[in-house]
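Descriptive structure summary
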Amino acid sequence: MNRRHRVRRVVNYVNLATPLGLLLSVVGGATRRPGPDGLVLACGYRYRFPIAGAFTVGNVVLTRRESLDDRLLAHEARHATQWACCAGLPMLPLYLLAMLASVLVCGDQASYNRSLSFKDCQ
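This section reports on the structure supplied with the text. All of these numbers come straight from a predicted model, not from anything done at the bench.

**Structural notes on the packing of aromatic side chains**
According to the stated counting rule, one finds 2 aromatic pairs in the structure shown. Here the aromatic rings of Y45 and Y47 are separated by 5.7 Å at their centres, their planes lie at 75°, and the arrangement is edge-to-face. Looking at Y47, the relative accessible area reads 36%, which means it is partly exposed. Between Y45 and F55, the ring centres sit 5.3 Å apart and the planes meet at 75°, which makes this aromatic pair edge-to-face. Of this pair, Y45 sits in the loop between strand 2 (40-43) and strand 3 (55-57) while F55 is found in strand 3, placing the two residues 10 residues apart along the sequence. Exposure class is identical for Y45 and F55. Each is buried. Aromatic rings pair up to connect Y45, Y47 and F55 into one cluster.

**Side note on the nonpolar core**
Formed by A17, A30, V40, A42, Y45, F55, V57, V60, L62, W83, C86 and M91, the largest nonpolar core amounts to 12 residues. Every element with two or more residues in this core is listed here: strand 2, strand 3 and strand 4 (60-63). With residues up to four places along the chain from it excluded, the contact list for A42 reads S25, A30, T31, R32, V60, V61, L62 and T63. With 10 residues, the next largest nonpolar core counts C43, A54, L73 and A77 among its residues.

**Concerning the environment of V60**
Topologically, V60 is positioned in strand 4. Each C-alpha atom of the pair V60 and N12 lies 9.6 Å from the other, and the pair is 48 residues apart in sequence.

What counts and what doesn't
- Residues numbered from 1 in each chain as written.
- Predicted model: local features only at pLDDT ≥ 70, side-chain atom pairs only at ≥ 80, totals over all residues.
- Heavy atoms only, no water.
- Phe/Tyr/Trp six-rings, centres within 6.5 Å; stacked < 30°, edge-to-face > 60°.
- Buried < 20%, exposed > 50% of the residue type's maximum accessible area, 1.4 Å probe, protein only.
- Helix = DSSP H or I, 4+ residues; strand = E, 2+ residues; numbered from the N terminus.
- Core = buried A, V, L, I, M, F, W, Y, C linked by side-chain atoms within 4.5 Å.
- Contact = heavy atoms within 4.5 Å.

Set out below in structure tokens:
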């Protein structure tokens, strides 16, 4: 693991985002295992909210799936970095604002939001 991933892991523990993600994984019945670059993969999350293939809290990537492809994992890793840069919980309102802006510009929550989407605004 390189230095920036080690720093991200420490910052997300200190800002309590990763402990929150671990708590959500336990409550959601997910099985946790080490992932790449200091991430924790929590597969088999049982709740249907939020509506997404995966979501990240701190360094914990939660998903209802049993595994994640490399592209989605790279996308979720960016969210782990965002959690660190936003000092934890301030990430939530910023993320919601970005989704709202995308809805207003493109009509859906992901198309205009570069942190959420793989596609461009149509």
